[in-house]
Amino acid sequence: MLGTGWLFLFAVLMAAGLLFTMVFFIIMFSDLECDYINPIDLCNKLNQFVFPENAAHAFLTLLFLLSGQWIAFLLNLPLVLFNANKIRNKNHMYDATEIFRTLSGHKTESFFKLGFYLLSFFYYLYRLIGGVRSMIVALISESE
Amino acid sequence: MASPTQQLPPGWAAEWNAEHQRYLFIETVTGRSQWEPPVEGPNAPIDAVVGPSASGSPPPATHNPKRRQYAAGQTQAYYGAAEPESSYDAGYTAPQQPQQGGGLFTPGLAQDGFGQQQQGAQAPYYPPQDAAAGGYGAEPAAYGQPQAYPQAPAYGQPQAAPGMGALTDQFGQMGVGGQKPFQLHTANLLTSPPDPRELAIPPPEIRLPPGACLSQNATHANAEPGVLRCTLNAIPTTASLLGKSKIPLGLVITPYRSLKEGESIVPVVADTIIARCRRCRAYISPFVQFIDGGNRWRCCLCNMSNEVPQLFDWDQVRNQPGDRWARDELNHAAVEFVAPTEYMVRAPQPAVYVILIDVSHTAVQSGMVATATRTILENLDRIPNDDNRTKIAIVCFDVSLYFFSMPPGSTDATMLVVSDTDDVFLPKPTDLLVNLTEARASLENLLGRLGDMFAENHSLGSALGPALQAGFKLMNPIGGQILCLSSTLPTVGPGALKNREDAKILGTPKESGLLQAASPFYKTFAIECSRAQVSVDMFLFSSAYQDVATLAYLPHYTSGQTYFYPAFNAARSEDAVKFAHELGGVLAMPIMLEAVQRVRASKGLRMASFHGNFFVRSTDLLAMPAVPQDQSYAIEIQIEDTITAPFVMFQVAVLHTTCYGERRIRVINLALPTTSNLSEVYASADQVAIATLLANKAVERTITHSLENSREALFTKLVEIFSAYKASMTAAGAGASAQLSISENLKMLPVLILGLLKNVGIRQSAQIPPDLRAYAQALLTSLPSQQLIPYIYPNFYSLHNMAPEAGTIGENGIIMPIPLPPSSERLERHGLFMIEDGQTIFLWVGRDAVPQLVMDVFDLPSYEALRGGKTTLPVLDNPFNQRVNAIIQKTREMRRGVYYPQLYVVKEDGEMPLRLWALSLLIQDRADVLPSYQQFITQLKDKVNGAGNY
């Protein structure tokens, strides 16, 4: 049980990180719409984050798989597959030449991911608390 | 000081011509800031004109001095009072004086009726203040003289007073027909076959509300359809109305059109007085209103009231008060402003040409190198170089790069070889990019022997990517144009491509993959180029697969153009002539450099998506490192809010540097009335613009989705338009109908869409090589309507029995025969036919052609002796041959653009592929899986009736 607590603590931190990445993406997209940033800079900046974001999420999912957290794993699996599919089709990077045509799509995608990370953040938090509680319970029972 | 007597309202310029002593001051004006304080002088006059309304503060004080000092008033102060007064007074009758108070006075017009007309026209927007009364009173007089200004009454004036008896007569004279604006005539497509001549009819007339336009010559105030046209010439007021009509709303823009003989150049406003709206940054146009006694103007896009710049009424050339109403920006749809330094990021750069020539074995063998060098040599004089600043560099490449150093003073060129293609560097910091004038001798020398230099070259690869990078490095600080001549698939260094042609996937959904970029290099490099103001033109010559699709991305995003000569062989003189003509045309083209284009529109309208060759740099800014002539762009428009204004305006602004080193802004205006009536929406639709917009959208869809999807989308769009029309405009309503109805002005739309569906770029077929498809798509997205329409709906003429005057010289040049519908029904076994789509010309010879015909046209004894394929028609001494030659000549010249259609002779029983190619242009025929026009129309009708049942 101790492992679960640490795992979800880590997951909560990761989810928070991913959450911020998505917020950053969305801010950048709206900057683009308001013409505060040009598409070339935007894509150069965002493309740096695409792989780390996908990798972090995939790593987290892998941890769930390895630690046998089936529910958490299944929750994350669709997004991993979605990302993997995008990478396989080579359209995971933002393309400055097409960004304006695809902007609305990118924005909705970012919003969905934001929502997903937010929900998963709370789920991990819940599990973390559950884990910590059971840990405490275990400690108490041990001391008794 | 100028006394009020001297204050002549702006616009009596003609009388002032003789004043030579004044010219002394002109020199002083050029330094604008130097002006001494006699400020009151000039303004006093204006005030006087303005009369009671503009009381206290002289305009100079209120003007925002931010931009520059407007010397208008000041200069006036130097003038002695009153000379021309007398002549001026004579020209105007008493009632007109009050009009000056309105600031709408139009001096300089011979007939006073006119000034009043103007006034009257303004009235709807103006509370009839002080002066207007006079204008109204005089109005009937204005109607009495429509002959004097035939244009003016055509637009709006009659409607200003709809009750007038003369009204109907006037309409009658103008041939407009009914009283109602836009009468909808419904045509039944099942009974009226398409007539190619209808495509020549101009789009539905733009009927602006009275008084919308300041200029007397309202036809000049609105852009010509060839420059800027909208799919709807009456804009629906709400998005739901537009949605109901199903017609796509968009603009088709050709901002930089070449000049044909007899066309006037775009007027240039040289005094750098650029009146722009403070809020929306729109430029002043013939559709603004002057308010507040002419001191302010109301922007016609956002309704913001702006100050008129002080010098607006000042003629800087003559250094005297000018006539505001004569200013070009208030009278012409397209003007160019000379831009002051605020519009420059850096000083205007010279035109730079870097020519990359493939000298690999294949290129040399095909004769491309020899033809290219000869063409460049011959066209050195035609390269725009008026100010002797133009720079040029020549870089050759095979698997290595060959630079040529041409130091000033020498007449020889030294070759420098760089074989490191992974990390390209310039072998020498200077003398590679040389001044065209200074290095002329060495250039000529180099071009003269370049062909020989590489004649023995046996290297096979192509380092196109590194060559592009090298060219980019050469011109990086300046920008300019790269002309890239390549004969093979790039194989070395960055940008190397693989042969991905696979006959198995042609005709399958995977085919669209072949139309996407195979390597990200060409996209990222295009972005770099766009940033550095470098434009790339591709000339491709391969007989084998060259991946035109990928290579075309570079011109696509850098506003260049792709030219493709499949299986080029200079040994055939036709190939060489075509290439030389087109390369020469590109070199001689006075391109615009460092350009950005922005389209502004009235409130409620938004530019939603952009199609064409450029890079979209922000939501509405199109970056175009070089604007070639006769390139067309399409923009889709969304209606965001309900439009309440009686008319809306679109304004295209292209900020650019001319190739003569001057920074300019080209502004093109199009004002369109709004309507809340669905039938007017249909009646004002422009089928040519719709077809152009749909062609652009269809090509984009082939890349983002698939060819199949794109064709379906085209057909669905057509069905939607017809269903919507049937449901709302005909008695049949939602039920089934035996007719297929559409308004008269959209009659050709189905056949244009059919042509588009059968175009090489989109057609369903497993036989079309991806290179040809990609090239056709590049053409579909860049050709202006004038060339695009024949490209999708070819012209078909019967030559053996053409009218006797066809091919002879008439009033408007050579008379063309009457086009026939492109269908093989019309082919006759003994006939001679011509099919042309602007890119190729086919002469179809029937198998029973009489020897006399063959003799007359081809100088051959009989049909059997005739060979099919690329030909040059001999010029013979018989009238029929001369007429045919004249028609071919005219076909090649009548359209804008550098394209030189090649002539093919097709024998009825000749080679199969050539015959099929020629026949595929007869788009009304059934071919393969593609329906004939009749079948297409029937399908359409079934769908429309079916759709109605839901």
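Residues numbered from 1 in each chain as written. Chains lettered and ligands numbered in written order. Predicted model: local features only at pLDDT ≥ 70, side-chain atom pairs only at ≥ 80, totals over all residues. Heavy atoms only, no water.

## Overview of the overall build of chain B
The line we're drawing: The numbering of helices and of strands both runs from the N terminus, where a helix is a DSSP run of H or I of at least 4 residues and a strand a run of E of at least 2. Each residue's exposure class comes from its accessible area (1.4 Å probe, protein chains only) as a fraction of the maximum for that residue type: buried when under 20%, exposed when over 50%, partly exposed otherwise.
Helices and strands together make up the secondary structure of chain B, namely 31 helices and 34 strands. Per-residue burial for chain B yields a buried fraction of 61% across its 950 residues.

## Focus on the overall build of chain A
The cut-off we apply is this: Accessible surface is estimated by sampling points in the Shrake-Rupley manner with a 1.4 Å probe; for residues, cover comes only from the protein chains shown. Working convention for charge: Lys and Arg count positive, Asp and Glu count negative, and His plus the chain ends are omitted. A charged residue contributes its charge at one atom only: NZ of Lys, CZ of Arg, CG of Asp or CD of Glu.
The secondary structure content of chain A amounts to 4 helices and 0 strands. Listed by position from the N terminus, the elements making up chain A come as α-α-α-α. Within chain A, buried positions represent 42% of all 144 residues. Carbon and sulfur atoms provide 72% of the accessible area of chain A, an area that totals close to 8100 Å². Once the 9 positive and 10 negative side-chain charges of chain A are each reduced to a mean point, those two points are 7 Å apart.

## Here's the deal with the UniProt feature "transmembrane region" (unreviewed entry) in chain A
All names here are of chain A. Rules: UniProt positions are given in the numbering used here, feature names are shortened, and annotations may be inferred rather than shown by experiment.
Those places that UniProt annotates as "transmembrane region" (unreviewed entry) correspond, in this numbering, to residues 7–29, 55–82 and 111–129. The distance separating the terminal C-alpha atoms of residues 7–29 is 33 Å; by composition the span is 100% helix and 0% strand. Along residues 111–129 the backbone is 100% helical and 0% strand, and the end-to-end C-alpha distance reaches 27 Å.

## Some remarks on the pattern of salt bridges
Let me state the cut-off plainly: Criterion for a salt bridge: a side-chain nitrogen of Lys or Arg within 4 Å of a carboxyl oxygen of Asp or Glu.
Summed over all chains, the structure comprises 42 salt bridges over all chains. Between Lys 523 of chain B and Asp 95 of chain A there is a salt bridge; the shortest N-O distance is 2.5 Å. Within this pair, whereas Lys 523 of chain B is found in helix α18 (residues 521–531), its partner Asp 95 of chain A is found in the loop between α3 (70–88) and α4 (99–143), the two belonging to separate chains. Given a relative accessible area of 15%, Lys 523 of chain B falls into the buried group. Take Asp 95 of chain A: its relative accessible area is 22%, and that puts it in the partly exposed class. Measuring nitrogen to oxygen at the nearest pair gives 3.8 Å for the salt bridge that ties Lys 523 of chain B to Glu 98 of chain A. Taken as a pair, Lys 523 of chain B in helix α18 and Glu 98 of chain A in the loop between α3 and α4 lie in two separate chains rather than in one. Like Lys 523 of chain B, the residue Glu 98 of chain A is buried in the burial classification.

## Here we look at the side chain of Gln 69 of chain A
Residues and elements named next belong to chain A. This is how the line gets drawn: Here, two residues are considered to be in contact whenever any of their heavy atoms come within 4.5 Å of each other.
Note on placement: Gln 69 falls in the loop between α2 (39–66) and α3. Exposure remark for Gln 69: the relative accessible area of 10% places this residue in the buried category. Apart from the residues within four sequence positions on either side, Gln 69 is in contact with Thr 4, Leu 7, Phe 8, Phe 64 and Arg 127.

## Quick word on the interface of chain B and chain A
Note the following rule: Put simply, buried area is how much 1.4 Å-probe accessible surface two parts lose in total, over both of them, once they are put together. Residues are grouped as follows: nonpolar covers Ala, Val, Leu, Ile, Met, Phe, Trp, Tyr, Cys and Pro; charged covers Asp, Glu, Lys and Arg; every other residue, Gly included, is treated as polar.
Contact with chain B, which involves 12 residues of that partner, is made by 13 residues of chain A. Across the chain B to chain A interface the summed buried area is about 1200 Å²; carbon plus sulfur atoms make up 60%. Between chain B and chain A we count 4 salt bridges in total. Here Arg 531 of chain B and Asp 41 of chain A are joined by a salt bridge, their closest N and O atoms 2.9 Å apart. At the level of secondary structure, the elements contributing two or more residues to the side of chain B that touches chain A comprise α18, β22 (615–618) and α23 (687–704) of chain B. Looking at side-chain class alone, the side of chain B that touches chain A contains 4 nonpolar, 3 polar and 5 charged residues.

## Observations regarding the nonpolar core
Proteins that are soluble and globular tend to have nonpolar side chains buried together. Short version of the rule: Among buried residues, the Ala, Val, Leu, Ile, Met, Phe, Trp, Tyr and Cys ones that are joined through side-chain atoms within 4.5 Å form a nonpolar core. Residue ranges for the domains trace back to a domain assignment, done automatically or taken from a database.
Leu 468, Leu 485 and Phe 650 of chain B are the most contacted members of the largest nonpolar core, which has 247 residues in total. Of the residues forming this core, the biggest block, 14 residues, is contributed by helix α1 (residues 2–33) of chain A. Taken domain by domain, the makeup of this core includes at least three residues from each of domain 2 (235–345 + 593–685) and domain 3 (352–498 + 527–590) of chain B. With near-sequence residues (within four places) excluded, Leu 485 of chain B lies in contact with Ile 355, Leu 356, Ile 357, Asp 358, Met 368, Ala 372, Phe 397, Phe 539, Phe 541, Phe 579 and Leu 583 of chain B. Residues Leu 843, Ala 849, Leu 853 and Val 905 of chain B belong to the second largest nonpolar core, which totals 24 residues.

## Brief notes about a nonpolar patch on the surface
All names here are of chain A. Filter applied, for reference: What makes a patch is a set of residues exposed beyond 30% relative accessible area and free of salt bridges, joined within 9 Å when like-charged and within 5 Å when nonpolar (Val, Leu, Ile, Met, Phe, Trp, Tyr).
A surface patch of nonpolar side chains, about 600 Å² in accessible area, is lined by Phe 10, Phe 59, Leu 62, Leu 65, Leu 66 and Trp 70. With 4 residues, α2 is the single largest residue contributor to the nonpolar patch. You can see Trp 70 is positioned in helix α3.

## Quick word on the environment of Gly 226 of chain B
All names here are of chain B. Locating Gly 226 in the fold gives a position in the loop between α12 (218–221) and β2 (228–230). The class of Gly 226 is partly exposed, set by a relative accessible area of 30%. Leaving out residues up to four positions away in the same chain, Gly 226 has contacts with Thr 254 and Arg 257.

## Observations regarding the domain arrangement of chain B
Residue and element names in this part refer to chain B. Stated precisely, the cut-off is as follows: A 3.5 Å cut-off defines polar contacts: any pair of N or O atoms within that distance qualifies, except that in protein one atom must be a possible hydrogen donor and the other a possible acceptor, and neighbouring residues in sequence count only when both atoms are side-chain atoms.
Per the domain assignment, the segments of chain B are domain 1 (1–36), domain 2 (235–345 + 593–685), domain 3 (352–498 + 527–590) and domain 4 (794–922). Using C-alpha coordinates to define each centre, domain 3 is positioned 35 Å away from domain 4. Of the residues lining the interface, 13 residues belong to domain 3; the matching set on domain 4 comes to 8 residues. Taking both partners together, domain 3 and domain 4 bury about 960 Å²; carbon and sulfur atoms supply 54% of that area. When the buried area of domain 3 at its contact with domain 4 is split by residue, Glu 574, Lys 578 and His 581 rank highest and sum to 50% of it. Viewed at the interface, domain 4 and domain 3 are joined by 1 salt bridge. We note a salt bridge from Asp 575 to Lys 870, for which the minimum N-O separation is 2.6 Å. For the pair domain 3 and domain 4, the number of links is 7 residue pairs in polar contact (both at pLDDT 80 or more). Each residue belonging to the side of domain 3 that touches domain 4 can be placed in one class, and the counts come to 4 nonpolar, 4 polar and 5 charged.

## A word on the pairing of strand β11 (residues 334–338) of chain B
All names here are of chain B. What counts, and what does not: By definition, two strands form a pair when at least two bridges between them are found by DSSP.
Across the 5 residues that make up β11, a large majority, 5, are buried. Burial of β11 is two-sided: the residues Ala 334, Glu 336 and Val 338 facing one way and the residues Val 335 and Phe 337 facing the other way are all buried. As defined by bridge partners, strand β5 (residues 268–269) adjoins β11 across 2 bridges and the pair is classed as parallel. Note on β11: the bridge partner recorded for Val 269 is Phe 337.

## Details of helix α21 (residues 573–588) of chain B
Definition in use: Expected helix span is taken as 1.5 Å per residue step, with the number of steps being one fewer than the number of residues.
When the terminal C-alpha atoms of α21 of chain B are compared, their 22 Å separation across 16 residues agrees well with the 22 Å that a helix rising 1.5 Å per residue should span. Counting buried residues along α21 of chain B, 13 of its 16 residues qualify, which places the element largely inside the surrounding structure.

## Some points on the environment of Tyr 94 of chain A
Residues and elements named next belong to chain A. Secondary-structure assignment places Tyr 94 in the loop between α3 and α4. On a C-alpha basis, the gap between Tyr 94 and Leu 13 in space is 26 Å, while along the polypeptide they are 81 residues apart. Tyr 94 has contacts with Phe 25, Phe 29, Cys 43, Leu 46, Asn 47, Val 50, Ile 99 and His 106, leaving out every residue within four places of it along the chain.

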